[in-house]
Amino acid sequence: MEQENTANDRLSQRIFQPLPLNKPADVQQELEQLRRENAELRNNLRGRAALSERLKALYDEAPTGYLTLDSDHSIIEANLALAQLLNLKRSQLIGQNIHRFIVDDGYAIFQQHLQNVREQTTTDVCELRMKDSRGDPFYARLESITVGTKPGDAPAAERRIIRCNLCCITQHKREAQRALHLARERAQTYLELADSIIIALDAGGQITLINQKGCRVLGDTKPRLIGVDWFECFVPDETRAVARRNFHTLLKDGQDVWGYHEHPITTHAGIQRLLAWNSAIRIDEQNNPTVLLVGDDITARRETENELHEYRERLEEKVTGRTTELTTLNQQFKTEIQRRKITENNLRESQSQYAAIMDALPDMVCRLSANGVILDYHAPPSHHDVLGAGTCIDQPLEAVYPAAVARQWRRKMRAARSQNEITIFEYPLSEVSGGEQTYEARMIDCRDGGVLVVARNITRRKTARAELLRHREQLEELVNERTEALKAINNQLRQEINERKQAEETTREHQEQLAHASRLTTVGEMTSGLAHEINQPLAAIATYTQGCLYRVRAGDDPAVIENILEQVVVQAQRAAKIVQHLRNFVTKGKPHREPTELAKVVALAVSMVRNDIIKKEIELDITQSESLPVVEADPIQVEQVIMNLLRNACEAMNEIEPESRRLHITLSCPDSHHVCLAIRDTGTGIASSDEDKISTPFFSTKDSGMGLGLAISRTIVEDHGGNLTHGSNPDGGATFKFTLAIGGRRT
């Protein structure tokens, strides 16, 4: 951008400065300079156009909803995530008033939010209930900021537009409500277990709440004490008038005129005891006042004044120490909040890396609607020589491809939807420069009326095949004609062998790229599970923090609070480990071997699919042999193999009853050179017709499968010096088993 501005400024100076053109040579030189600057400006304009398209793609691929409101609160911009959240097409959202999607009880919150956004320059955040186009309500978190005016609008303040970030927090709200319910239950338990008398009085002085300790001291049961006048029944005659007067003053002024005070009570048996009270006034939701009394029996303490003095000194020391501890805890809370922000930033970086990796894929991927309109489109730069760099989204096939190719695509679409399997075909395309390229497309039904297409340029492959056939023919002629030149032919064969080894190495690198692409696909499937896994520690942190605050306010033992804070640290570390493991899984790099404990890799893979196991009510059992040796392996690739087999096993048990779903993982060492892992399920098993081809590339028994999982897994296992086998169980289900060489060498 800075280079573009410099070029523009340089051109402006040349336009408005007088040109000392005294000779024809000077004129020619000046014309050549202007041509170079014009070419530079055109390159800058093309760069800006490409950057604008990239920003638009990032806006649409964002995981949260983005929208722009004008001064009338109408939607003028929206991304695909918002359209999916509100259950409308993006074109249907444009022009809609945002008020249509706000539930009545959230309207006032939204109006206050808009007022805050207009009055301040920073972002404002609110939570409110919304609804989608079908009327289904959900909780949403809305973050908005005023960014300026629309092109052509008046510069008045009321014409400023607002950009918003909208995300669904319904699950978070439900978790918070469950946490509140648990906190109330814990509070009730603490009330009953407290060693102090806790009594609540209404405005008339009648008992509305009393704990078990209070019942024992007063010598009566809770049903008989509720509704009894406290002052008439339990305050002695000589202090009753003063106590009742202070009580009414407290209710009238709303001030704690009692605070800490001591006065005697008379129990149900007529025994007088001295109690130390702390009182406070509370206003409920109906604006009714309630006085809360917390008392301790100090009758025996009055008899030992010296012990009371020592106790007070110790109490002051504890208060000082607790204040210091609370200061330390507050600093720890700030540190944990900062760590959480770092974790969120790392998650956003992971999402950006995922988008960058998708851009680096060598294939063209697009999704078509039932009527042949391109809904999603991704193509590598090499594809731009054929279709150009412009966007193809929302365009029909005829607007992007030649008529003959478009008709071929539509025929294959009908075949893919009717056969419900992968359809493979080839089609030619002409480059912008005039050359012709051949592409191989794989098409499969998406079950939503459209199809998914993955296309790759196979021009070089076909050319190489033709060249290979030609070389083979020449080789046969040379063998027939030059039998006596065996030595020369042997040298040529050695060269052919070297080329074959190089081709095998190229194939291996390509398979590693396919394995990486498979991991990226697995990451997309793990998105809901990952959100659930991260929400669990975050919800636990919120619950523990609320319990800690309640105990601090209740003056509980610091040791108990310290234990709760340790649990908060454990949950935060758990969330960080989940994010770190996901980053390691999707990071693309060269395979490397390192000492690896297979049991730990199994534990990581199980944790990534644990959500599916729990959701499908699968009984999991893991058996491990003692003294399992360490293997030299790539842990990420081995984990990918285990995850593929676990997900296949879980999906194979979809059709059976939940009580019969069992998954058994066995780790063993069959000999001194290999370790073995077996995954046994109780699913539908493997059909006899699929036994021989289930591990071949692009063969899948699932409706939406690509047929690459087992093929990639077999390649990874064989590269680690092992074998991948499978078979049906006599009692139902299937068992997939693979071995790894302890030294990591190919057999």
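It should be emphasised that the depicted structure is a prediction, and the values quoted were computed from it without experimental measurement.

What counts and how
Residues numbered from 1 in each chain as written. Predicted model: local features only at pLDDT ≥ 70, side-chain atom pairs only at ≥ 80, totals over all residues. Heavy atoms only, no water. Helix = DSSP H or I, 4+ residues; strand = E, 2+ residues; numbered from the N terminus. Contact = heavy atoms within 4.5 Å. Areas by Shrake-Rupley, 256 points an atom, 1.4 Å probe, with all protein chains shown as cover. Expected span 1.5 Å × (residues − 1). Buried < 20%, exposed > 50% of the residue type's maximum accessible area, 1.4 Å probe, protein only. Pairing = 2+ DSSP bridges. Salt bridge = Lys/Arg side-chain N within 4 Å of Asp/Glu carboxyl O. Patch = residues over 30% accessible without salt bridge, like charges linked within 9 Å, V, L, I, M, F, W, Y side chains within 5 Å. Core = buried A, V, L, I, M, F, W, Y, C linked by side-chain atoms within 4.5 Å. Polar contact = N/O pair within 3.5 Å; in protein donor to acceptor, adjacent residues only side chain to side chain. Phe/Tyr/Trp six-rings, centres within 6.5 Å; stacked < 30°, edge-to-face > 60°. Lys NZ or Arg CZ within 6 Å of the ring centre and 35° of its normal. Axes fitted to C-alpha atoms, helices over the stretch in contact; angles between N-to-C directions. Parallel < 35°, antiparallel > 145°, perpendicular 65-115°, else oblique. Left-handed = near helix turned anticlockwise from the far one by under 90°. Nonpolar A, V, L, I, M, F, W, Y, C, P; charged D, E, K, R; others polar. pLDDT = per-residue confidence, 0-100. Disulfide = S-S within 2.5 Å.

### Here we look at the overall build of the chain
On a plain count of helices and strands, the chain comes out with 23 helices and 22 strands. Within the chain, counting contacts between residues at least 6 apart in sequence, those at least 24 apart form 54% of the total. On the chain, roughly 44500 Å² of surface is accessible, and the fraction owed to carbon and sulfur atoms is 51%.

### Examining helix α6 (residues 170-193)
Helix length check: α6, at 24 residues, gives a terminal C-alpha distance of 35 Å against a target of 34 Å (1.5 Å per residue), a fit within 8%. Taken together, the buried positions of α6 are occupied by T170, A179 and L191.

### Let's talk about the environment of H726
Structurally, H726 can be placed in strand β21 (residues 724-728). Separated by 47 residues in the primary sequence, H726 and I679 place their C-alpha atoms 9.6 Å from one another.

### A word on the pairing of strand β1 (residues 65-69)
In terms of residue burial, β1 counts as a mostly covered element, since four of its five residues are buried. In this antiparallel pair of consecutive strands, β1 and strand β2 (residues 75-78), the connection spans five residues, and H73 shows a positive phi of 65°.

### Remarks on unusual backbone geometry
One non-glycine residue, N87, lies in the positive phi region at around 60°. Here N87 is to be found in the loop between α3 (80-85) and α4 (90-93). Phi is positive for E617, which is not a glycine, with a value near 55°. Along the chain, E617 falls in the loop between α21 (610-615) and β17 (619-624).

### Some details on the pattern of salt bridges
A full pass over the atoms with the stated rule returns 20 salt bridges. Between E175 and R178 there is a salt bridge, with its nearest N and O atoms 2.3 Å apart. Here R178 and E175 lie together in helix α6, a separation of three residues that amounts to about one turn. Taking the relative accessible area as the measure of exposure, R178 reaches 44% and is therefore partly exposed. Taken together, the shared-partner salt bridges in this structure form one network comprising D229, E232, D237, R240 and R244.

### Things to note about a nonpolar patch on the surface
Among the surface-exposed residues, Y311, L315 and V319 lie close enough to one another that they form a single nonpolar patch of about 270 Å² accessible area. Structurally, V319 can be placed in helix α12 (residues 305-359). Judged by relative accessible area, V319 falls into the partly exposed class, the value being 48%.

### Considerations on the nonpolar core
By size, the foremost hydrophobic cluster in this structure holds 38 residues, and its most contacted members are L598, I642, L646, L677 and F738. Elements with a minimum of two residues in this core: α20 (598-608), β18 (631-633), α22 (635-652), β19 (662-668), β20 (674-681), α23 (709-719) and β22 (734-741). In terms of residues, this core owes the most to one element, α22, which gives eight residues. Not counting chain neighbours up to four residues away, the residues in contact with L677 comprise L598, V602, I642, I665, T666, L667, F736, K737 and F738. One finds F110, C126, L128 and C164 within the second-largest nonpolar core, a separate group that totals 24 residues.

### Description of the side chain of N79
With respect to the element layout, N79 can be found in the loop between β2 and α3. For N79, a relative accessible area of 0% corresponds to the buried category. Reaching out from N79, the side chain makes a polar contact with the backbone nitrogen of Y66 at a distance of 2.9 Å. A polar contact is formed between the side chain of N79 and the backbone nitrogen of L82, at a distance of 3.1 Å.

### Section: the packing of aromatic side chains
The geometry of an aromatic ring pair is captured by the separation of the ring centres together with the interplanar angle, meaning the angle of the planes. Enumeration over the complete set of coordinates arrives at eight aromatic pairs. Ring centres of W230 and F234 lie 5.5 Å apart, and the angle between their planes is 35°; this geometry places the pair in the tilted category. Of this pair, W230 and F234 are both found in helix α9 (residues 230-234), four residues apart, which corresponds to roughly one turn of the helix. One aromatic cluster in this structure is built from Y401, W409, F425, Y427 and Y439. In this arrangement the basic side chain of R129 is found over the ring face of Y139, its NZ or CZ atom lying 6.0 Å from the centre.

### Re the sheet that holds strand β8 (residues 260-266)
Taking strand neighbours across the sheet as the criterion, the five strands line up as β7-β6-β10-β9-β8 in an open arrangement whose pairing is antiparallel. With one partner strand each, in any of the chains shown, β7 (207-210) and β8 form the two edges of the open sheet. If you compare each strand with its neighbour and ignore which way they point, the axes differ by 35° on average. When β8 meets strand β9 (residues 272-283), the two strands line up antiparallel, connected through seven bridges. The residue bridging H263 from the neighbouring strand is L275, located in β9.

### Brief notes about the sheet that holds β17
Strand pairing in a sheet takes place through backbone hydrogen bonds and is either antiparallel or parallel in direction. Judged by pairing direction, the sheet is mixed, and its five strands sit side by side in the order β17-β19-β20-β22-β21 without closing on themselves. Two strands close off the open sheet at either side, each with one partner strand: β17 and β21. Averaged over neighbouring strand pairs, the angle between their axes works out to 15° when direction is ignored. Bridge count for β17 against β19 is six bridges, and the pairing is parallel. Bridge pairing in β19 links E619 to R662.

### A few points about the packing of α20 against α22
α22 packs onto α20 with a crossing angle of 50° between their chain directions and a minimal axis gap of 9 Å. Considering their axes alone, α20 and α22 lie oblique with respect to each other. As α20 runs across α22, the sense of the crossing is right-handed. Listed contacts from α22 to L598, V601, V602, L604, A605, V606 and M608 of α20 are P635, V638, E639, I642, M643, L646 and R647. Taken together, the residues of the contact of α20 with α22 sort by class into twelve nonpolar, no polar and two charged.

### Some remarks on the pairing of β7
Of the strand pairs in this sheet, strand β6 (residues 197-201) and β7 are connected by three bridges, and their pairing is antiparallel. Its bridge partner being in β7, A200 is matched across the sheet by L209. Between β6 and the antiparallel strand that follows it, β7, lie five residues; G205 among them carries a positive phi value of about 85°.

### A word on the side chain of T735
Examined against the element boundaries, T735 turns out to sit in strand β22. In this structure the side chain of T735 is engaged in a polar contact, spanning 2.6 Å, whose partner is the side chain of N729. Every residue in contact with T735, bar those within four places of it in the chain, is listed here: A678, I679, R680, T725, H726, G727 and N729.

### So, the confidence of the model for the chain
Here the chain averages 76 in pLDDT, while 77% of its residues score no lower than 70. Predicted confidence is poor over residues 154-159, with pLDDT under 50, and the contacts of this stretch with residues over four places away or in other chains come to eight contacts.

### A word on the environment of D104
By the element assignment, D104 lies in the loop between α4 and α5 (107-119). Remark: the alpha-carbon pair of D104 and R129, spanning 25 residues in sequence, is separated by 8.4 Å.

### Topic: the state of the cysteines
Among covalent bonds in proteins, the disulfide is the one between the sulfur atoms of two cysteines. Across all of its chains, the model carries zero disulfides by this definition. Between C126, a free cysteine, and C164, which holds the nearest cysteine sulfur, the sulfur-to-sulfur gap is 8.8 Å. The thiol of C676 is not disulfide-bonded; the next cysteine sulfur, from C669, is found 9.5 Å away. Given a relative accessible area of 8%, C676 falls into the buried group.

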